[in-house]
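Each chain, written out:
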Amino acid sequence: MSDPQQGSEQIVSNWQRLLAEVNEAATKAGREPASVRVVGVSKYVDAATTKLLRQAGCQELGESRPQALWDKAAALENLDCHWHMIGSLQRNKVRRTVGLVTLIHSVDSQRLAEAIAAAAAETPAGQVAGLVEVNISGDTNKHGFAPAELLPALEQMAPLGGLAIKGLMTMASQGSSPEQAQSEFAQLRQLRDSLREQGLPAGISLNELSMGMSGDFPQAIAEGATIIRVGSRLFSHQPDT
Ligand SMILES: *Cc1c(COP(=O)(O)O)cnc(C)c1O
């Protein structure tokens, strides 16, 4: 995916174009463009190329592997980046991760939630924000809670002082068309809305919906995504329109 020769020019142009398309999708959906946060997923590229993306204006950066996040957070330490952990987080990597990130998108078990809360309680902030990962499609090899497990899970997480649950995250099924992805994103939003109607546990808000990637972010924005996670198209040549 990463092209070692790619220059900052291409990254700047890809970033600008992504923002323009996000604005267009939001406007079309009758939403404020500022209501959609764009996380640039830097997992395909090295720290030097990630730095180019940061310098192009992308302040929210996502990594799916803890070790890569630690390394890049150190390499870009003075650039005021906001790091997002978007991939599966093993419990033995929680301690080093919690103090570095602004949001953990991939809270996918109660044991992980407890480990995150305990570790975050010892950081200066005393707390970290997280999203609960939901397996909307029921794909057996995907992480996340089944929709029916979600309310009991939120009830168990609510008392954890070190972990503030802010919303839900999902990934569309592998190889799904944008239309199929859109129906899964709609299901995540409907699930959130129905939990709200049933009454959320005290201390939990589900304002954030993290959904949509390179191939389906306009559909996610149409369904209410507040955070999109876009990687490959920031680093590949985009044909002229
Ligand atoms: C890699 C990854 C992304 C970005 O996907 P692209 O299709 O490259 O935009 C988003 N979310 C997660 C969890 C990822 O692992």
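Refer to the structure presented above.
The rules behind each value
- Residues numbered from 1 in each chain as written.
- Predicted model: local features only at pLDDT ≥ 70, side-chain atom pairs only at ≥ 80, totals over all residues.
- Heavy atoms only, no water.
- Helix = DSSP H or I, 4+ residues; strand = E, 2+ residues; numbered from the N terminus.
- Rg over C-alpha atoms; globule rule 2.2 N^0.38 Å.
- Buried < 20%, exposed > 50% of the residue type's maximum accessible area, 1.4 Å probe, protein only.
- Contact = heavy atoms within 4.5 Å.
- Areas by Shrake-Rupley, 256 points an atom, 1.4 Å probe, with all protein chains shown as cover.
- Lys, Arg positive; Asp, Glu negative; His and termini not counted.
- Charge placed at Lys NZ, Arg CZ, Asp CG, Glu CD.
- Salt bridge = Lys/Arg side-chain N within 4 Å of Asp/Glu carboxyl O.
- Polar contact = N/O pair within 3.5 Å; in protein donor to acceptor, adjacent residues only side chain to side chain.
- Pairing = 2+ DSSP bridges.
- 1 Å grid on protein atoms, 1.4 Å probe; cavity = no way out; pocket = protein on both sides within 12 Å on 5 of 7 lines; lining within 4 Å.
- Points joined across faces, edges and corners; volume = space filled by probe spheres on them.
- Nonpolar A, V, L, I, M, F, W, Y, C, P; charged D, E, K, R; others polar.

**Student:** Give me the overall build of the protein chain: which residues, what numbers.
**Tutor:** A count of helices and strands for the protein chain gives nine helices and eight strands. What you see for the protein chain is a C-alpha radius of gyration of 17 Å, in line with the 18 Å of a compact globule of 241 residues. Projected onto its principal axes, the C-alpha coordinates of the protein chain cover approximately 50 × 40 × 35 Å. Taken over 241 residues, the protein chain has a buried fraction of 50%. The long-range fraction of contacts in the protein chain, counting pairs at least 24 apart against all pairs at least 6 apart in sequence, stands at 62%. With the model as given, the accessible surface of the protein chain reaches about 11100 Å², and the carbon-plus-sulfur share is 46%. For the protein chain, the separation between the mean place of its 21 positive charges and that of its 26 negative charges on side chains is 4 Å.

**Student:** Quick one: what's the story with the pattern of salt bridges, residue by residue and with numbers?
**Tutor:** With the rule as written, the count across this model stands at eight salt bridges. Where Glu-63 meets Lys-72, a salt bridge forms, and the shortest distance between an N and an O atom there is 2.7 Å. The class of Lys-72 is buried, set by a relative accessible area of 6%. The partner of Arg-192 in a salt bridge is Asp-193, with the nearest N and O atoms 3.0 Å apart. Via salt bridges that share partners, Arg-17, Glu-21 and Arg-233 belong to a single interconnected network.

**Student:** Let's hear about the side chain of Arg-229: which residues, and what values?
**Tutor:** One can find Arg-229 in strand E8 (residues 227-230). At 7.2 Å, Asp-216 is the nearest oppositely charged side chain to Arg-229, a buried residue that forms no salt bridge. Among the polar contacts made by the side chain of Arg-229, one reaches the side chain of Ser-210 at a distance of 2.9 Å. Contacts of Arg-229, omitting those with residues within four sequence positions, involve Val-39, Val-41, Ile-86, His-105, Met-169, Thr-170, Met-171, Ser-210, Met-211, Gly-212, Met-213 and Ser-214.

**Student:** With reference to specific residues and values, describe the pairing of strand E5 (residues 128-133).
**Tutor:** For E5, the buried fraction is high: six of the six residues fall into the buried class. Of the two faces of E5, the one carrying Val-128, Gly-130 and Val-132 and the one carrying Ala-129, Leu-131 and Glu-133 are both buried. Pairing between strand E4 (residues 101-107) and E5: two bridges, direction parallel. Opposite Val-107, over in E5, you have Val-132 as the bridge partner.

**Student:** Explain the layout of surface pockets to me, and be specific about the residues and the numbers.
**Tutor:** Its boundaries defined by the atoms lining it, the largest pocket holds a volume of some 380 Å³. Lining the largest pocket are 19 residues, and of these Lys-43, Ser-64, Ile-86, Met-171 and Met-213 sit closest to its centre. By residue class, the composition of the lining of the largest pocket is seven nonpolar, eight polar and four charged. Computed from the structure, the second largest pocket encloses a volume of approximately 300 Å³. Here the residues of the lining of the second largest pocket sort into four nonpolar, eight polar and three charged.

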